[in-house]
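Structure at a glance
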Amino acid sequence: MTRLYVQDVTLRDGMHAVRHRMTPENVRTIAAAVDRAGVSAIEVAHGDGLAGASLTYGPGSNTDWEWIAAAAEVVEHAVLTTLLLPGIGTIEQLRTAFDLGVRSVRVATHATEADIAIQHIETARELGMDVSGFLMMSHMAPATDLAAQAKIMEKAGAHCVYVTDSGGRLTMRDVRDRVRAYRDVLEPTTQIGIHAVSYT
């Protein structure tokens, strides 16, 4: 039987829509509402993950730590989670997020660069976190190649690996082919995630 695990990304991916300008009060209000809605996890960080606030990716109105602490004050049921892109966020920042109550992380790389996430996934496992590998721009790699990258993340310790349509390019058939390719190479206990993007 398939069990759905819904992770709400309003307080991370949604940061892009408001130029990373959410007050801690906004975060508390949204996190409390989403928690009451019954989602499994709530992801909080700058839109580009931990330490994403910069001239390159856009400054934030607040720090990741202020946003995460605000969410932690009100979330009662969902797992508090975050996103980390190796090369932007660091292991030390992952540890700080953990200290603030984050218990799950999606470690994100380009679809062909899973190897740069190994130490981050391993560290998250050592901390006792729930860990997902997040293969962005999944349309840029054929299904079998993407599955080989997913296997790298699984071997590093990821409990789940995502097909991440961050470019909004995958058709339903493309998603199906990638999920099937994952299932062909991953252990039966490894979860498969989907992060879909829609552009209108």
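Scroll up to find the structure.
Below or above, wherever it landed, is the structure these notes cover. Small disclaimer: the values here were computed from a predicted structure and weren't measured.

Some words on the overall build of the protein
Each helix and strand in the protein was counted, giving six helices and seven strands. Going from N to C terminus, the protein has its helices and strands arranged as β-α-β-α-β-α-β-α-β-α-β-α-β. Taken over C-alpha atoms, the radius of gyration comes to 16 Å for the protein, in line with the 16 Å a tight globule of 200 residues would show. Sorting the 200 residues of the protein into buried and exposed places 48% on the buried side. In the protein, of all internal contacts separated by at least 6 residues, the share reaching a separation of at least 24 is 76%. Accessible surface for the protein amounts to roughly 9,800 Å². Of this, 52% is attributable to carbon and sulfur atoms. Across the protein, the mean location of the 18 positive side-chain charges is 5 Å away from that of the 24 negative side-chain charges.

A few points about the pattern of salt bridges
Where charged atoms of side chains with opposite charge meet at close range, the side chains can pair. A complete count under the given rule lists nine salt bridges for this structure. In this structure, Asp177 and Arg176 form a salt bridge, with 3.0 Å as the shortest nitrogen-oxygen distance. The exposure class of Asp177 is partly exposed, given its relative accessible area of 30%. We classify Arg176 as partly exposed; its relative accessible area is 35%. Several salt bridges share partner residues, and in doing so they unite Arg12, Asp13, Glu43 and Arg106 into one network.

A word on the layout of surface pockets
As a volume, the largest pocket reaches approximately 670 Å³. Every residue lining the largest pocket is counted, 23 residues in all, and those nearest its centre are Arg3, Leu4, Tyr5, Ile192 and Gly193. The set of elements that each furnish at least two residues to the lining of the largest pocket consists of β4 (104–110), β5 (130–136), β6 (160–164) and β7 (191–195). Ranked by the residues each element gives to the lining of the largest pocket, the list is headed by β7, at five residues. Of the residues belonging to the lining of the largest pocket, the class tally is eleven nonpolar, seven polar and five charged. Here the second largest pocket is characterised by a volume of approximately 200 Å³. Lining the second largest pocket are 14 residues, with Arg12, Asp13, His16, Met136 and Ser166 positioned closest to its centre. By residue class, the composition of the lining of the second largest pocket is seven nonpolar, four polar and three charged.

Focus on helix α5 (residues 143–156)
The end-to-end C-alpha distance of α5 is 20 Å, a good match for the 20 Å that 14 residues give at a rise of 1.5 Å each. If you check which residues of α5 are buried, you get Ala143, Leu146, Ala147, Gln149, Ala150, Lys151, Met153, Glu154 and Ala156.

Examining the sheet that holds strand β3 (residues 79–84)
Spatially, seven strands are ordered β1-β2-β3-β4-β5-β6-β7 in an open sheet, and the strand pairing comes out parallel. Either end of the sheet is taken by a strand with one partner, and the two such strands are β1 (7–8) and β7. Taken together, the five bridges between β6 and β7 define a ladder with parallel strand orientation. If you follow Val161 over to β7, its bridge partner there is Ile192. Contacts from α5 reach β4, β5 and β6, with the element oriented near 155 degrees to β5.

Considerations on the packing of helix α3 (residues 91–99) against helix α4 (residues 118–126)
As a packed pair, α3 and α4 sit with axes 10 Å apart at the nearest point and diverge in direction by 25 degrees. Taken as axis vectors, α3 and α4 run roughly parallel relative to one another. At the point where α3 passes α4, the crossing takes the right-handed sense. Of the residues in α4, those in contact with Ile91, Leu94 and Arg95 of α3 are Gln119, His120, Thr123 and Ala124. Residue classes in the contact of α3 with α4 are distributed as three nonpolar, three polar and one charged.

Calculation notes
- Residues numbered from 1 in each chain as written.
- Predicted model: local features only at pLDDT ≥ 70, side-chain atom pairs only at ≥ 80, totals over all residues.
- Heavy atoms only, no water.
- Helix = DSSP H or I, 4+ residues; strand = E, 2+ residues; numbered from the N terminus.
- Rg over C-alpha atoms; globule rule 2.2 N^0.38 Å.
- Buried < 20%, exposed > 50% of the residue type's maximum accessible area, 1.4 Å probe, protein only.
- Contact = heavy atoms within 4.5 Å.
- Areas by Shrake-Rupley, 256 points an atom, 1.4 Å probe, with all protein chains shown as cover.
- Lys, Arg positive; Asp, Glu negative; His and termini not counted.
- Charge placed at Lys NZ, Arg CZ, Asp CG, Glu CD.
- Salt bridge = Lys/Arg side-chain N within 4 Å of Asp/Glu carboxyl O.
- 1 Å grid on protein atoms, 1.4 Å probe; cavity = no way out; pocket = protein on both sides within 12 Å on 5 of 7 lines; lining within 4 Å.
- Points joined across faces, edges and corners; volume = space filled by probe spheres on them.
- Nonpolar A, V, L, I, M, F, W, Y, C, P; charged D, E, K, R; others polar.
- Expected span 1.5 Å × (residues − 1).
- Pairing = 2+ DSSP bridges.
- Axes fitted to C-alpha atoms, helices over the stretch in contact; angles between N-to-C directions.
- Parallel < 35°, antiparallel > 145°, perpendicular 65-115°, else oblique.
- Left-handed = near helix turned anticlockwise from the far one by under 90°.

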